[in-house]
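Each chain is listed here by its residues.
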Amino acid sequence: MLYTANVNRVLFWLVIPLILCSFVIFKLVESQYMSDGGRLAIANQHHTNITSNIGVDCLILGGSNSVFSLSADQISNNTEFNCYNLSLLNEGNSYYAYWDFIRSLPFDKDNIKHIFYSGLLPALNDKYYHSQLRNAELGIGIEGNQTFRLLGRSIASYLYNFYKGKVFFEEPMNYPLPNKYGDFDFSKFKHCYGGSSSNAFGSIYWQDMNLLSGWVNSQLNEMKSLFPQANLYFLMPSVLFKEKSFNFDNKTVKTVESAVLNFDNSPNKTMFIVQPAYNDASVICDAPFHANAIGREIRTRDLISNF
């Protein structure tokens, strides 16, 4: 009995605290490898660029699909517009955070005459929309969730990757700062590995069309409120699909189109543009909705031809 009592004391006062301390230390080390991917620095660079570009009269807005896949430089050099790309990765992690960011920028919003908005949500579904709402409720901003947390990825998964020959802690991916047009700088990004059949969209359909329609109206109202002099171009983005015959669900397209065309943006106009799917993986960077430099040129050229 005395031996058992001694073992229990060792477990309670030494082994268990040692395990707990080791776990906390591991999580602290892990947190040092967490990164916002340069999102905050990118937002600050946009702030610097847009406030110094006093002649800008055209904006590209949206999430990562327009960060990677649309070029304000190309639009500016092939039209009479002076365009700037104010899209953010993950569209600011919540729509509230994104519009707060746009609202905070000190430039003449009355001078903006054209807005090209390209959000990925119509290509996703109800679940993703609710995740954006949860991010807003948690106060997660454009830099993402950087809070220290004990829960999350398991130690076993790190050990498994290490066993497979991978580094224990992977270096975080940092995205490059935008150029003077706000465009993504592919020359400083080395992670475009192209697409494949496994790196493509399958059939992901919306269920609640009223929810989708409400989201469209909410986005358009934000743009109209912020940019009262602007024509609004609402885009369905180009995506690489698994099957060439597959495209956006027709019901989803019709719902978005109806909401856009029935939106009152008078005296300015509102247009709905569906951009074609990418033909092959050679124009894809690292996701089915992220073009590489070639795909961006193709998609932007298509957009110019439509307005």
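Scroll up to find the structure.
Residues numbered from 1 in each chain as written. Predicted model: local features only at pLDDT ≥ 70, side-chain atom pairs only at ≥ 80, totals over all residues. Heavy atoms only, no water.

Peer 1: I would appreciate a short explanation of empty space enclosed by the protein in the present structure.
Peer 2: Rolled over the atoms, a probe sized like a water molecule indicates the empty space that remains. Tallied over the entire structure, the rule returns 2 cavities of 30 Å³ or more. Quantified by volume, the largest cavity comes out at close to 150 Å³. Ranked by the residues each element gives to the lining of the largest cavity, the list is headed by helix H2 (residues 39-52), at 4 residues. Of the residues assigned to the lining of the largest cavity, the class counts are 9 nonpolar, 4 polar and 2 charged. (1 Å grid on protein atoms, 1.4 Å probe; cavity = no way out; pocket = protein on both sides within 12 Å on 5 of 7 lines; lining within 4 Å. Points joined across faces, edges and corners; volume = space filled by probe spheres on them. Helix = DSSP H or I, 4+ residues; strand = E, 2+ residues; numbered from the N terminus. Nonpolar A, V, L, I, M, F, W, Y, C, P; charged D, E, K, R; others polar.)

Peer 1: In this structure, what is going on with the state of the cysteines? I would like to understand it.
Peer 2: Such a bond, covalent and formed between the sulfur atoms of two cysteines, is termed a disulfide. Under the definition given, this model contains 2 disulfides. A sulfur-sulfur separation of 2.1 Å characterises the disulfide bridge that pairs Cys58 with Cys83. In this structure the cystine formed by Cys58 and Cys83 twists about its S-S bond by roughly -50°; its chirality is therefore left-handed. Here Cys58 is found in strand E1 (residues 58-62), whereas its partner Cys83 is found in strand E2 (residues 83-85), with 25 residues between them in sequence. By relative accessible area, Cys58 is classed as buried at 0%. A relative accessible area of 0% means that Cys83 is categorised as buried. Covalently, Cys192 is tied to Cys285 through a disulfide, its sulfur atoms 1.9 Å apart. An S-S torsion of about -90° defines the bridge between Cys192 and Cys285 as left-handed. Of this pair, Cys192 sits in the loop between helix H7 (155-163) and helix H8 (209-226) while Cys285 sits in strand E6 (residues 284-287); the two residues are 93 residues apart in sequence, bridging distant segments of the chain. Across the protein, the disulfide pattern expressed with sequentially numbered bonded cysteines is 1-2, 3-4. (Disulfide = S-S within 2.5 Å. Buried < 20%, exposed > 50% of the residue type's maximum accessible area, 1.4 Å probe, protein only.)

Peer 1: Hey, could you run me through the environment of Ser266 in this one?
Peer 2: Within the element layout of this structure, Ser266 appears in the loop between helix H9 (250-261) and strand E5 (270-274). Residue Ser266 is classed as partly exposed on the basis of its relative accessible area of 46%. In this structure the side chain of Ser266 is engaged in a polar contact, spanning 2.7 Å, whose partner is the side chain of Asp264. (Polar contact = N/O pair within 3.5 Å; in protein donor to acceptor, adjacent residues only side chain to side chain.)

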